[in-house]
Amino acid sequence: MNRVIILSIRKRLILTNIGMIVIPIICFFAVEIMLGYVFFVINNGKPTGRELELFIRVRFILMIIIFALTNGLLTYLVSRSILTPINKLSIAAKKISEGDLEYSIQSNKKDELGELTNTFEAMRIKLKDAKEAQLQYEQNRQELIASISHDLKTPLTSIKGYITGIQDGVAHTPEKLKKYLDTIYKKANDMDELIDELFLYSKLDLQKVPFHFEKVDLYTFFADFVDELSFHLEKEQGTAMLVANREDSYLVKADRDKLKRAVTNIVQNSLKYINKNKKKIKVFLTSEPNHVTVEIRDNGMGIKKEDLPHIFESFYRIDTSRNSSTGGSGLGLSIVKKIIEGHDGHVWTQSELEKGTSIYFTLKKVT
């Protein structure tokens, strides 16, 4: 197996300078011997007079040629090994300055210029990723504005319609008036919840939400949560269940209020997409040596494979129709992700169409 020895620029220059001295000396001695043999052995010349003068003159000319060729060749080879990658870097820098982030430049050399080239390539990739992220952010921002406009305009239109009905005397009975006012209150409450969610997301995104950590027993936490959820699901013949080994330890370090917000968002999102008559929510707790894994499983319609990688992204919505049953800002699960990551945890999901979805997250145990 052949091994390619790659020298650093410093070593290359040192060896080149040595070569400029050593090679001409070796060549000089070789020429000296060869000329002496030709002049004084083959031609039976005498090392005196005219023949000696001619010998010295030819030797001097050849010595100059050897010096010129050696220095010129070594200088060319070294300069080419340096200037070629520099020219490539210059072209790449010009391309990037013109906005072309697709121009790739890589090097398999291990010298300083090779490292510089690969560092430049890594910078190009980061710039490209940053540009793509910026474009994605801009697209998300535009979608957010459109979503907020829709979600605010729809209840505002309803509120204006019901108020106009009251003003025009359409709600002429106490029962009808109460129905109109209840609807107005519900629409206003929906708007308030949307604004609250947007405000929380923006603060989490800017990392301006303080976390107040304390010791939380997840078994007790979810036992209370599941009891409350079961009470609400009973009206729809639904069930909620906690599955955990009571003998294990589930003591973690968490912000109780933020954790409840995250779990509530997960459950609300699950309930919106359960398309069966009996809604089922199961919470599984698994105690690991350093953390606790929480799984919240539903029996809903499931999520398509192409949607799975995106469900925790900001403003992403599986259902783009924005109907009343599954509508929302698309911030619920992105808020979950930010809260769990604020706990130094990890969140992910698994799903199968028509069989349900499981959302997992981890929390560190108290040490």
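These numbers come from a predicted model, not from an experiment. (Residues numbered from 1 in each chain as written. Predicted model: local features only at pLDDT ≥ 70, side-chain atom pairs only at ≥ 80, totals over all residues. Heavy atoms only, no water.)

J.: Go over the packing of helix α6 (residues 256-272) against helix α7 (residues 332-342), please, and point to the residues and values.
T.: Direction vectors running N to C along α6 and α7 enclose 150 degrees, while the axes themselves pass 9 Å from each other. Note on packing geometry: the crossing formed by α6 with α7 is left-handed. Along the contact surface, α6 presents K258, L259, R261, A262, N265, I266 and N269, while α7 presents G332, L333, I335, V336 and I339. Looking at side-chain class alone, the contact of α6 with α7 contains seven nonpolar, three polar and two charged residues. (Axes fitted to C-alpha atoms, helices over the stretch in contact; angles between N-to-C directions. Helix = DSSP H or I, 4+ residues; strand = E, 2+ residues; numbered from the N terminus. Left-handed = near helix turned anticlockwise from the far one by under 90°. Contact = heavy atoms within 4.5 Å. Nonpolar A, V, L, I, M, F, W, Y, C, P; charged D, E, K, R; others polar.)

J.: Residue-level account of a nonpolar patch on the surface, with values.
T.: A contiguous nonpolar surface patch, about 750 Å² in accessible area, is contributed by I14, L15, I18, I21, V22, I25, I26 and F29. Secondary-structure assignment places I21 in helix α1 (residues 9-42). (Patch = residues over 30% accessible without salt bridge, like charges linked within 9 Å, V, L, I, M, F, W, Y side chains within 5 Å. Areas by Shrake-Rupley, 256 points an atom, 1.4 Å probe, with all protein chains shown as cover. Salt bridge = Lys/Arg side-chain N within 4 Å of Asp/Glu carboxyl O.)

J.: Would you mind going over the sheet that holds strand β5 (residues 291-298) in detail, with residue names and values included?
T.: Reading across the sheet, the five strands line up as β2-β4-β5-β7-β6 and stay open at both edges, with mixed pairing between neighbours. Looking at the sheet topology across the chains shown, the edges are occupied by β2 (239-243) and β6 (347-352). Here the average twist between neighbouring strands, direction ignored, is 15 degrees. Sheet analysis places β6 next to strand β7 (residues 356-364), joined by six bridges and oriented antiparallel. Residue pairing for β7: W348 is matched across the bridge by Y360. Sitting on the sheet, helix α5 (residues 218-233) touches β2, β4 (280-287), β5 and β7, and the angle it makes with β2 is about 165 degrees. Against the sheet, α6 engages β4, β5 and β7, with an angle of about 170 degrees to β7. (Pairing = 2+ DSSP bridges.)

J.: Tell me what's going on with the packing of helix α4 (residues 174-205) against α7, and back it up with residues and numbers.
T.: The contact between α4 and α7 brings their axes to 10 Å, and the two run at 35 degrees. Read as a crossing pair, α4 and α7 show a hand that is left-handed. Where α4 abuts α7, its residues E197, L200, Y201, L204 and D205 lie against G332, S334, I335, K338 and I339. Within the contact of α4 with α7, the residues separate by chemical class into five nonpolar, two polar and three charged.

J.: Explain the packing of aromatic side chains to me, and be specific about the residues and the numbers.
T.: Here the structure, examined in full by the defined rule, presents five aromatic pairs. A ring pair is formed by F211 and F213, whose centres lie 5.8 Å apart and whose planes are at 15 degrees; its orientation type is stacked. Among the residues examined, F211 registers a relative accessible area of 23% and is labelled partly exposed. For the pair W348 and Y360, a centre-to-centre distance of 5.2 Å together with 5 degrees between the ring planes defines the contact as stacked. (Phe/Tyr/Trp six-rings, centres within 6.5 Å; stacked < 30°, edge-to-face > 60°. Buried < 20%, exposed > 50% of the residue type's maximum accessible area, 1.4 Å probe, protein only.)

J.: Tell me what's going on with the side chain of T357, and back it up with residues and numbers.
T.: For T357, the location among the structural elements is in strand β7. Of the polar contacts made by the side chain of T357, one reaches the side chain of S351; its length is 2.8 Å. Each residue touching T357, except ones within four places of it in the same chain, is listed here: I296, R297, D298, G302, I303, T349, Q350 and S351. (Polar contact = N/O pair within 3.5 Å; in protein donor to acceptor, adjacent residues only side chain to side chain.)

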